[in-house]
Amino acid sequence: MHIVEEFNDYRAKMNERILGSDNKVIKRIFNLDTNAFSDGALDAKTKELLGLVCSMVLRCDDCVKYHLGKCFEMDYMDDQIFEAFAIANLIGGTIVIPHLRRATEYWDSLKND
């Protein structure tokens, strides 16, 4: 299975299971996450790029994939994504390089779908 499809299918399946538990705190966290990335003083497109950089620095591959998917939907270009990758690596240090490799692979997969 293709890495983008595999990630999206798994994420959707598990989110459905988690939200199906009907836990009020978890539902509020998911809602807060959704609302935080809506337009505000910063537009949603900028917030997704911020989410991508933060996720890379924190070394969360699932988060990186999610934000790359949103950035792809928002028509970010390669040069913009790679500038964000550069900031993440500058801030996070060389430990972020393995995540940069996986992020680049995922970005390429999004574009080749």
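Structural data are supplied above this passage.
What counts and how
- Residues numbered from 1 in each chain as written.
- Predicted model: local features only at pLDDT ≥ 70, side-chain atom pairs only at ≥ 80, totals over all residues.
- Heavy atoms only, no water.
- Core = buried A, V, L, I, M, F, W, Y, C linked by side-chain atoms within 4.5 Å.
- Buried < 20%, exposed > 50% of the residue type's maximum accessible area, 1.4 Å probe, protein only.
- Helix = DSSP H or I, 4+ residues; strand = E, 2+ residues; numbered from the N terminus.
- Contact = heavy atoms within 4.5 Å.
- Patch = residues over 30% accessible without salt bridge, like charges linked within 9 Å, V, L, I, M, F, W, Y side chains within 5 Å.
- Areas by Shrake-Rupley, 256 points an atom, 1.4 Å probe, with all protein chains shown as cover.
- Salt bridge = Lys/Arg side-chain N within 4 Å of Asp/Glu carboxyl O.
- Lys, Arg positive; Asp, Glu negative; His and termini not counted.
- Polar contact = N/O pair within 3.5 Å; in protein donor to acceptor, adjacent residues only side chain to side chain.
- Expected span 1.5 Å × (residues − 1).
- Arc of directions from axis to C-beta.

### A closer look at the nonpolar core
When a protein is soluble and globular, its nonpolar side chains tend to lie buried together. In this structure, L52, M56, L68, I81, F85 and W107 are the most contacted members of the largest nonpolar core, which totals 18 residues. Looking at this core, the elements with two or more residues in it are helix 1 (3-20), helix 3 (44-58), helix 4 (61-73), helix 5 (78-92) and helix 6 (97-112). In contact with L52, other than residues within four places in its own chain, are V64, H67, L68, C71, I81, A84 and F85.

### Comments concerning the environment of W107
Mapping W107 onto the fold places it in helix 6. As for W107 and L68, which are separated by 39 residues in sequence, their C-alpha atoms are 6.5 Å apart. Those residues in contact with W107 that lie beyond four places of it in its chain are L68, C71, F72, Y76, M77, D78, I81 and F82.

### Comments concerning a nonpolar patch on the surface
Judged by side-chain polarity, I87, L90 and I91 come together as a nonpolar surface patch covering roughly 330 Å² of accessible area. Within the secondary structure layout, I87 lies in helix 5. When its relative accessible area of 43% is taken as the criterion, I87 is described as partly exposed.

### Details of the side chain of K47
Locating K47 in the fold gives a position in helix 3. Here K47 sits buried without a salt bridge, and the closest side chain of opposite charge, D39, lies 6.8 Å off (N-O distance). A distance of 3.1 Å separates the side chain of K47 from the backbone oxygen of A36, its partner in a polar contact. Setting aside anything within four residues of it in sequence, one finds K47 in contact with A36, F37, S38, D39, G40 and L42.

### Focus on helix 1
For helix 1, which comprises 18 residues, the first-to-last C-alpha distance of 25 Å matches the rise-based estimate of 26 Å (1.5 Å per residue) to within 8%. Burial in helix 1 covers these residues: V4, F7 and N15. Buried positions in helix 1, seen along its axis, are confined to an arc of 65° and lie on one side of it. Along helix 1, the residues that are exposed and aim more than 90 degrees away from the buried face are K13, E16, R17 and G20. Structurally, helix 1 contributes buried residues whose contacts are with helix 2 (24-36), helix 4 and helix 6.

### Details of the pattern of salt bridges
One side chain can pair with another of opposite charge once the charged atoms of both are near each other. With the rule as written, the count across this model stands at five salt bridges. Taking the shortest distance from any N to any O, the salt bridge between D22 and K27 comes out at 2.6 Å. We classify D22 as exposed; its relative accessible area is 54%. Across the pair D108 and K111 runs a salt bridge whose closest N-O atoms are separated by 3.7 Å. Of this pair, D108 and K111 both sit in helix 6, three residues apart, which is roughly one turn of the helix. Within the structure, one salt-bridge network assembled from shared partners comprises D78, D108 and K111.

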